[in-house]
Amino acid sequence: MTDMEKLLIVEDDAGLQRQLRWAYEGYAIHTAANREEAIAVIRAEEPQVVTLDLGLPPDPDGTTEGFATLETILQLRPDTKVIVASGHGAHESMLKAIALGAWDFYQKPIDIDALGLIVARAFHVHALEAENRRLAERAEAGAVLGGMITGAPEMLKVTRTIERVAGADVSVMLLGASGTGKELLARGLHDTSPRKKGAFVAINCAAIPETLLESELFGHEKGAFTGAVKTTEGKIELAQGGTLFLDEIGDVPLPLQVKLLRFLQERVIERIGSRKPIAVDTRVVCATHQDLDAMVAEGRFREDLYYRLAEIVIRIPSLAERPGDAGLLARHFLQKYATAMQTGAKSFAPDALAAIDAWNWPGNVRELENRVKRAAIMAEGKMVTAADLDLDGKDDAIPINLKAARELADRKAIRHALARAEGNISGTARLLGISRPTLYDLMKAYDLQP
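For every chain, the first residue of the written sequence is number 1, and numbering continues from 1 along that sequence. This being a predicted model, a pLDDT of at least 70 is required before a residue's local features are given, and a value of 80 or more before pairs of side-chain atoms are given or counted; all residues contribute to the totals for chains, interfaces and linings. Side-chain metrics in this entry use all non-hydrogen atoms of the structure; hydrogen atoms and water are not considered.

Student: Whenever I open this one, the layout of surface pockets confuses me. Can you help?
Tutor: Over the atoms, a rolled probe matching the size of one water molecule traces out where space is still vacant. Using protein atoms alone on a 1 Å grid, points that fit a 1.4 Å probe yet trap it form a cavity, whereas open point sets bounded by protein on both sides within 12 Å along at least five of seven lines form a pocket; residues with an atom within 4 Å of a point count as lining. Grid points are joined across faces, edges and corners, and a volume is the space filled by probe spheres set on the points. Size it by volume and the second largest pocket reaches roughly 560 Å³. As for the second largest pocket, its lining consists of 22 residues, of which Gly179, Thr180, Gly181, Leu184 and Val365 are closest to the centre. Going along the chain from the N terminus, every DSSP run of H or I of four or more residues is numbered as a helix, and every run of E of two or more is numbered as a strand. Residue assignment for the lining of the second largest pocket shows that the elements contributing at least two residues are α7 (182–191), α13 (325–341) and α15 (364–378). Residues of the lining of the second largest pocket, tallied by class, amount to 6 nonpolar, 7 polar and 9 charged. Residues are grouped as follows: Ala, Val, Leu, Ile, Met, Phe, Trp, Tyr, Cys and Pro are nonpolar; Asp, Glu, Lys and Arg are charged; every other residue, Gly included, is polar.

Right, dumping it as structure tokens:
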């Protein structure tokens, strides 16, 4: 009963109270005969809709007590839909009630069918407004550091760490699999640092041939080599006063690592073909998906360079380690691409949401974005299915230990339900088929937050 839509009937006529209770069996019904009882129910139960008889004791022939009750309800719960009733000066009472914030009105004697439609519409509008508020809050709170969209505690911990180190002028190394959002986080670090007015310069060390990487980083003088028709500043020089992001730092060849180390120690560079030192003040942030510790042990990455770059090391969880984020990001990407490409797909079918939750996402956010983009094009109707995502029939394994399997299943189910219900506890409990107290107990046991 606690998860049903709650209707408060404020009516001092006991017979009419019973009649209204019988008429609304589909709701969790609460009744009150006076202002004090009504306010107590508002505080304890927080009903979404209230039907209010303005003629309440001790002034049953007037409306003073009814209007006072209306004002108090809306002060306590401004989103409550209050439907007022009066048989005394109905027109004037209606105008005043609407001016005070009542949602709708009905006249006595009561037409149960007509009032039923008004009540049902009030619940519908309340639900829509609540959903809009949740989406607005999610859009504001979900897009965290650097515009990253997440609701996972694991990722929020990463963003909080980055925010803490942003003000310190130290080198930061981001470690994580491909597609986890390393450049987005690096840009977020730059935007929250004192260097945010400077340039954010990014270079993918793995995407540039070894023979050209030195020139890209350090620049060159005119005539330094065949094809050098003009003097060109390197990426390091362009990042003066800002942030230099070295993506896939593990792919920098050993000879160039020596020159990069000298820059980090001396904070000066020399362009290719020049012996003139150029001082550069920039913050260095690097990222890689490789195991640099193993590369250092194998002699493929300089240990002294590693410690210069890794003053602060931040490990980024994969998408599979962030339950709930896949569904959150999928909705964001669907809205983005459906709008950009003007497709008919607007939402995900239940089987698509289940498949998104179940899939392990080896390609992380990049894989998710690509699948949703393809699905937005391929979907034939307004709903994207698991087949459109090419995820039908795919599932992940669970541990063989029963206790571990149950805990894993509970954690994943709760996190996915929280994400799907936009953090709303009642909605989450309803999706899981349990009561709110049971959900709170489970969340406390597993240290989960809405």
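Student: Is there a simple way to think about unusual backbone geometry in this case?
Tutor: Peptide bonds are mostly trans, and most non-glycine residues show a negative phi. Backbone torsion omega between Pro57 and Pro58 reads 10°, so that peptide bond is classified as cis. Here Pro58 shows up in the loop between β3 (49–53) and α3 (64–76). With a phi close to 50°, Glu46 is a non-glycine residue in the positive phi region. Assignment of secondary structure puts Glu46 in the loop between α2 (35–45) and β3. Under the scheme applied here, a residue whose accessible area is under 20% of the maximum for its type counts as buried, over 50% as exposed, and between as partly exposed, the area being computed with a 1.4 Å probe on protein chains only. Glu46 sits in the partly exposed class, given a relative accessible area of 40%.

Student: Help me out: how do you make sense of the pairing of strand β2 (residues 28–32) in this one?
Tutor: Remember that side chains alternate between the two faces of the sheet whenever the strand is regular. At least two DSSP bridges between two strands are required for those strands to pair. Where strand β1 (residues 6–10) and β2 come together, 5 bridges link them in parallel fashion. What sits directly across from Leu8, in β2, is His30. After leaving β1, the chain enters helix α1 (residues 14–23) and then returns to the sheet as β2, a path that is right-handed. By convention, a crossover is right-handed whenever its connection, traced from the first strand over the helix to the second and viewed with the strands pointing away, goes clockwise.

Student: Where do I start with the side chain of Arg371 in this structure?
Tutor: Locating Arg371 in the fold gives a position in helix α15. Exposure remark for Arg371: the relative accessible area of 16% places this residue in the buried category. In the analysis that follows, any N or O atom pair within 3.5 Å is treated as a polar contact, provided that within protein one partner can donate a hydrogen and the other can accept it, and provided that, for residues neighboring in sequence, both atoms belong to side chains. A polar contact is formed between the side chain of Arg371 and the backbone oxygen of Leu389, at a distance of 2.8 Å.

Student: Could you clarify how one ought to interpret the environment of Ala206 in this entry?
Tutor: As for its position among the elements, Ala206 is in the loop between β7 (200–204) and α8 (210–218). Assessed through its relative accessible area of 45%, Ala206 is described here as partly exposed. Along the sequence, Ala206 and Pro253 sit 47 residues apart, while their C-alpha atoms lie 10.0 Å from each other. By definition in these notes, contact holds between two residues if any of their heavy atoms fall within 4.5 Å. Contact partners of Ala206, with chain neighbours within four places excluded, come to Asp247, Glu248 and Asp251.

Student: What is the right way to look at the sheet that holds strand β10 (residues 243–247) in this model?
Tutor: Pairing between sheet strands relies on hydrogen bonds along the backbone, with the strands arranged either parallel or antiparallel. Across the sheet, which stays open at both edges, the 5 strands sit in the order β7-β10-β13-β6-β14 with parallel pairing between neighbours. Edge positions in the open sheet fall to β7 and β14 (312–315), since each of these has one partner strand only. With direction set aside, neighbouring strand axes in the sheet form an average angle of 15°. Strand direction decides the pairing type here: strand β6 (residues 172–175) and β14, joined by 4 bridges, are parallel. Each bridged residue has a counterpart across the sheet, and for Leu174 the counterpart in β14 is Ile314. The convention used is that axes are lines fitted to C-alpha atoms, helices contributing only their stretch in contact, and that angles between N-to-C directions extend from 0 to 180 degrees.

Student: Teacher, can you tell me more about the pairing of β6 here?
Tutor: Every second residue of β6 is oriented toward a common face, with Val172 and Leu174 on one face and Met173 and Leu175 on the other, all of them buried. The pairing of β6 with strand β13 (residues 283–288) spans 4 bridges and is classified as parallel. The partner of Val172 across the bridge, within β13, is Val285.

Student: Explanation requested: the sheet that holds strand β5 (residues 104–107) in the structure shown.
Tutor: Pairing is parallel in the open sheet, where 5 strands are placed in the order β2-β1-β3-β4-β5. Bordering the open sheet on either side are β2 and β5, each of which pairs with just one other strand. Mean inter-strand twist for the sheet, computed between neighbouring axes without regard to direction, equals 20°. With 4 bridges connecting them, strand β4 (residues 81–86) and β5 associate as parallel partners. Within β5, the residue paired with Ala85 across the bridge is Tyr106.

Student: What's the story with the nonpolar core in this structure? I'm lost.
Tutor: Soluble globular proteins tend to bury their nonpolar side chains together. Of all hydrophobic cores here, the largest spans 33 residues; its most connected members are Ile236, Leu246, Ile249, Phe263, Phe301 and Leu309. Within the residue set of this core, elements represented by two or more residues are β6, β7, α8, β10, α10 (254–266), β13, α11 (292–297) and α12 (303–309). No other element matches the 5 residues that α10 contributes to this core. Those residues within four positions of Phe263 in sequence are excluded, and the remaining contacts are Phe218, Ile236, Val268, Ile269, Val280, Thr282 and Val284. To qualify as a nonpolar core, a set must consist of buried Ala, Val, Leu, Ile, Met, Phe, Trp, Tyr and Cys residues joined through side-chain atoms within 4.5 Å. In terms of nonpolar packing, the next biggest core, distinct from the first, is built from 26 residues, Ala330, Val372, Ala375 and Val384 among them.

Student: Looking at this structure, I do not really get the pattern of salt bridges. What am I missing?
Tutor: Side-chain pairs of opposite charge can arise where the charged atoms are in close proximity. We define a salt bridge as a side-chain nitrogen of Lys or Arg found within 4 Å of a carboxyl oxygen belonging to Asp or Glu. Taken as a whole and assessed by the stated rule, the structure comprises 18 salt bridges. Asp104 serves as the salt-bridge partner of Arg121, at 3.0 Å between the closest nitrogen and oxygen. Of this pair, Arg121 sits in helix α5 (residues 112–142) while Asp104 sits in strand β5, and the two are 17 residues apart along the sequence. Beyond isolated ion pairs, a larger network of salt bridges with shared partners links Glu46, Arg77 and Asp79.

Student: So what exactly am I meant to see when it comes to the packing of aromatic side chains here?
Tutor: Think of a pair of aromatic rings as described by two things: how far the centres are apart, and how the planes are tilted against each other in angle. Paired rings are identified among Phe, Tyr and Trp, the last through its six-membered ring, by centres lying within 6.5 Å, and are further divided according to the angle between planes into stacked (under 30 degrees), edge-to-face (over 60) and tilted (the rest). The final tally for this structure, using the stated rule, is 4 aromatic pairs. Relative to Tyr27, the ring of Tyr24 lies with its centre 6.1 Å away and its plane at 45°, an arrangement referred to as tilted. Note on Tyr24: relative accessible area 4%, which makes it buried. Pairing Tyr27 with Phe123 gives two aromatic rings, centres 4.5 Å apart and planes at 20°, and the pair type is stacked.

Student: Please explain a nonpolar patch on the surface as it appears in this structure.
Tutor: Candidate patch residues must exceed 30% relative accessible area and have no salt bridge, after which like charges are joined if within 9 Å and Val, Leu, Ile, Met, Phe, Trp or Tyr side chains if within 5 Å. Only the protein chains shown count as cover for residues, with accessible areas throughout obtained via the Shrake-Rupley method and a probe of 1.4 Å. Taken together, the side chains of Met341, Ile377 and Met378 make up a nonpolar region of the molecular surface, amounting to roughly 270 Å² of accessible area. Relative to the helices and strands, Met378 resides in helix α15. Looking at Met378, the relative accessible area reads 45%, which means it is partly exposed.

Student: Explanation requested: the packing of α13 against α15 in the structure shown.
Tutor: Axes are the key here: two packed helices are described by the angle between their axes and the distance separating the axes. Axis separation between α13 and α15 bottoms out at 9 Å; the angle between their running directions is 45°. It follows from the interaxial angle that α13 and α15 lie oblique. The hand of the α13/α15 crossing is right-handed. Residues Ala326, Leu329, Ala330, Phe333, Leu334, Lys336, Tyr337 and Met341 of α13 form the contact with α15, whose participating residues are Val365, Leu368, Glu369, Val372, Lys373, Ala376 and Ile377. Grouping the amino acids of the contact of α13 with α15 by side-chain chemistry returns 12 nonpolar, no polar and 3 charged. These descriptions rest on fixed angle ranges, namely under 35 degrees for roughly parallel, over 145 for roughly antiparallel, 65 to 115 for roughly perpendicular, and the rest for oblique. Crossings are assigned a handedness: left-handed for a near helix turned anticlockwise from the far helix by less than a right angle, right-handed for a clockwise turn.

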